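Tertiary structure, described
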Protein chains: 2
Amino acid sequence: MHLATFPTTTGASTVVCVEADRRQPLDAPDVAAYLRMRAAGKSPSPTTAVLDETAGPLAVVTTPTKVICCGHNYRAHITEMGRGVPVHPTLFTKFADTLTGARSEIAIPGNTADAIDWEAELAVVVGADLYQADAATARAAIAGYCVANDVSVRSWQHHTPQWLPGKAFDATTPIGPVLVTADEIDPADGLRITCRVDGVIRQRSTTDDLLFDAPTLLSYISMFTTLRPGDVVLTGTPGGVGAAATPPEYLHDGSIVETEIEGIGLLRNTITISARTCSTSGVTPFERELR
Amino acid sequence: MHLATFPTTTGASTVVCVEADRRQPLDAPDVAAYLRMRAAGKSPSPTTAVLDETAGPLAVVTTPTKVICCGHNYRAHITEMGRGVPVHPTLFTKFADTLTGARSEIAIPGNTADAIDWEAELAVVVGADLYQADAATARAAIAGYCVANDVSVRSWQHHTPQWLPGKAFDATTPIGPVLVTADEIDPADGLRITCRVDGVIRQRSTTDDLLFDAPTLLSYISMFTTLRPGDVVLTGTPGGVGAAATPPEYLHDGSIVETEIEGIGLLRNTITISARTCSTSGVTPFERELR
């Protein structure tokens, strides 16, 4: 089954079940809400909601309680960066506010838009509560998979050794276009994952190169915190990010980022550097504060 | 005004307005919901909800959309650790699930309970939407202040350079006992902040030693993400944590941690190392997975 989240003509949102050209709205506002209902034993009914065809899909999940990401997780990328093989997954977070749609513009305020980079990723969406779960239990709790791009503002990511600021700009991580349920695909089969920037392939790998696979990541996370239906885990990016180029290459106003995973689909997002700044002096209020 | 969140005899929760010995329930399930209602122009009405007197207060906010924490923020602590003065705040996150009550037991599963440490902190609760705000705007959006303890599992914090796992164990960060509204106290006045472990003072400072004060932290965060009513920012801990002792000293089963800030109140939490493990082999499933 393929599930997506779309805006409706009434200004609300709805889950749709996508089959070939047919899109059947279901009575849940987003895929996370749908998964919470399913976990509670309810089956959301078909509705007659009318999709807003002028807008693309929303983030597949708009109401996760947790969005957790893994860095340094493709073996070839770890090797090319000259790093040792990690014993534990490198985890950081995003917020529900960080997610955006498969065709959405990614707008970054001009006063903070410095060194914007791409990171194609396989996203896992959780379908059941998981706490202190072994990998087999975690595997059974995977609702399905999406394509994501962990678009990162490298300058803010490296303000300090903790990556949060550069990883959590509002509405910069597209996730979609659909959730493909776990009965249909298995990343261990080596799904092709690709990132193109302005038509040029920058990242190309397969999802069987993951050091920590999805069940292992979910099991590890569940050792310290409960994962819940609708929560999202991003599994890391292959080699080929802009920061690793010599010299580094970054996204700019108008850049088109296409992220694709075999069997799931394609994200196509345009970067927009917005003119909005909050300061008339050319520096952020925060920078003023420090002077 | 002092606001708290208590369980009720019906198994729900309610905000209470605390005045001397009187506790008036209001029609909101937690202080975050109360602040969202206030921000929407509604004034929650008094109710006749009956508090469950067998239980202590819950986390003051149980439904924040963001819990963001700052490390390395007390000047004296930065100096004693031999660090340079940072230009940007060091930020990491917790989840709503990480928070717990002012008198709650802090239970950590035995298979992950290694090097548990204390971190007394001033917590700021947001009262209005904030995006790309200067410090003056951020200051005006502060709803009030609470006491918190960023109890940390150092072993898991240092699995990788990203601190998340050790900072986000479920129900390990007490926050309370009340929210004191910003019209009543100002951390710039130098409120005494103290942490006692089993009756021995381990941390003692004043809140005017913060390098990045609350408005500055909120302004910085608002450069990349929207802060919303009920969101929480922990402002960092003074010197005297267990990891900095020679040799390091940590909390154990039965340790009593008391955290106090002048003008707000006292948290009193007992550490419990639970027998629960998820594995019969003496290692976590995650460790098994890697072998």
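Summary of the structure given here. Note that the structure is predicted; figures quoted are calculated from it, not measured. (Residues numbered from 1 in each chain as written. Chains lettered and ligands numbered in written order. Predicted model: local features only at pLDDT ≥ 70, side-chain atom pairs only at ≥ 80, totals over all residues. Heavy atoms only, no water.)

1. Here's the deal with the sheet that holds strand S7 (residues 106-109) of chain B
Residue and element names in this part refer to chain B. Put simply, the rule is: Only strands joined by at least two bridges in the DSSP assignment are considered to pair. Only DSSP runs of H or I covering at least 4 residues are called helices, and only runs of E covering at least 2 are called strands; the numbering of each starts at the N terminus. Only the stretch in contact is used when a helix axis is fitted, and all axes are lines through C-alpha atoms; the angle between N-to-C directions ranges over 0 to 180 degrees.
Read from one edge of the open sheet, five strands run S7-S17-S16-S13-S14, paired in mixed fashion. Looking at which strands have only one partner, the edges of the open sheet turn out to be S7 and strand S14 (200-206). Geometrically, the sheet is characterised by an average inter-axis angle of 15° between neighbouring strands, direction not taken into account. Here strand S16 (residues 256-261) runs beside strand S17 (residues 265-274); their pairing, made up of six bridges, is antiparallel.

2. Comments concerning the interface of chain B and chain A
Applied cut-off: Contact between two residues is taken to exist if any of their heavy atoms lie within 4.5 Å; hydrogens are not considered. Buried area counts how much accessible surface, traced with a 1.4 Å probe, disappears from two parts once they are put together, with both parts' losses summed. Whenever a carboxyl oxygen of Asp or Glu lies within 4 Å of a side-chain nitrogen of Lys or Arg, that contact is scored as a salt bridge.
At the interface, 49 residues of chain B touch 49 residues of chain A. Interface area, chain B with chain A, both sides summed: about 4400 Å², of which 62% is carbon and sulfur. If you look at where chain B meets chain A, you find four salt bridges. For the salt bridge of Arg228(B) with Asp97(A), the shortest nitrogen-to-oxygen distance reads 3.0 Å.

3. What about the packing of aromatic side chains?
Threshold: Pairs were defined over the aromatic rings of Phe, Tyr and Trp, the Trp ring being its six-membered one, requiring ring centres within 6.5 Å. Orientation was assigned from the angle between planes: stacked under 30 degrees, edge-to-face over 60, tilted for the rest.
Evaluated as defined, the whole model comprises twelve aromatic pairs over all chains. On the basis of an interplanar angle of 65° and a centroid distance of 6.2 Å, the ring pair of Phe224(A) and Trp156(B) is categorised as edge-to-face. Of this pair, Phe224(A) sits in the loop between helix H6 (214-222) and strand S15 (232-234) while Trp156(B) sits in helix H4 (residues 154-157), each in a different chain. Of the aromatic side chains, those joined through ring pairs into one cluster are Trp156(A), Phe169(A), Tyr220(B) and Phe224(B).

4. Thoughts on the relation of the copies chain B and chain A
Just so we agree on the cut-off: The atoms used to superpose the copies are C-alpha atoms, taken from residues with pLDDT of at least 70 in both, and the fit is least squares.
Screw-axis analysis of chain B against chain A gives a translation of 0.0 Å along the axis, an RMSD of 0.0 Å, and a rotation angle of 180°. A rotation of that kind, with that shift, is consistent with a two-fold axis. Taking C-alpha positions as the reference, the residue of chain B nearest the rotation axis is Gln162(B), at 3.0 Å.

5. Examining the pairing of strand S14 (residues 200-206) of chain A
All names here are of chain A. Across six bridges, strand S13 (residues 192-197) lies against S14 in antiparallel orientation. Of the residues in S14, the one forming a bridge with Arg-192 is Thr-206. Hairpin geometry of S13 and S14 is characterised by an intervening segment of two residues between the two adjacent antiparallel strands and by a positive phi of about 50° at Asp-198.

6. Looking at the pattern of salt bridges
Side chains that carry opposite charge are capable of pairing whenever their charged atoms lie near each other. Residue and element names in this part refer to chain A. How we decide: Throughout this description, buried means an accessible area under 20% of the type-specific maximum (1.4 Å probe, protein chains only), exposed means over 50%, and partly exposed covers the range between.
Under the definition given, this model contains 26 salt bridges over all chains. Taking the shortest distance from any N to any O, the salt bridge between Asp-117 and Arg-154 comes out at 2.9 Å. With Asp-117 in strand S8 (residues 116-117) and Arg-154 in helix H4 (residues 154-157), the pair connects residues that are 37 residues apart, well separated along the chain. A residue is classified by how much of its surface remains accessible, and Arg-154, at 8% relative accessible area, is buried. The shortest N-O distance in the salt bridge between Glu-119 and Lys-167 comes to 3.2 Å. In this pair, Glu-119 sits in the loop between S8 and strand S9 (120-126) while Lys-167 sits in helix H5 (residues 164-167), placing the two residues 48 residues apart along the sequence.

7. Brief notes about unusual backbone geometry
Cis geometry marks the peptide bond from Gly176(A) to Pro177(A), where omega comes out at -15°. Of note, Pro177(A) is situated in strand S12 (residues 173-181). Of note, the amide linkage connecting Thr246(A) to Pro247(A) takes the cis form, showing an omega dihedral of -10°. Phi at Ala115(A) is positive, roughly 65°, even though this residue is not glycine. Its place among the elements puts Ala115(A) in the loop between strand S7 (106-109) and S8. Judged by its relative accessible area of 16%, Ala115(A) falls in the buried class. Of note, Ala171(B) is a non-glycine position whose phi angle comes to about 55°, a positive value. Structurally, Ala171(B) is set in the loop between helix H5 (164-167) and strand S12 (173-181).

8. Focus on the sheet that holds strand S17 (residues 265-274) of chain A
Residues and elements named next belong to chain A. Spatial strand order, S7-S17-S16-S13-S14: five strands in an open sheet with mixed pairing. Strands with a single pairing partner mark the edges of an open sheet, and in this sheet they are S7 and S14. Across this sheet, the average inter-strand angle for adjacent strands is 15°, counted without regard to direction. In this structure, S13 lies alongside strand S16 (residues 256-261), joined through five bridges in antiparallel fashion. Each bridged residue has a counterpart across the sheet, and for Thr-194 the counterpart in S16 is Glu-260.

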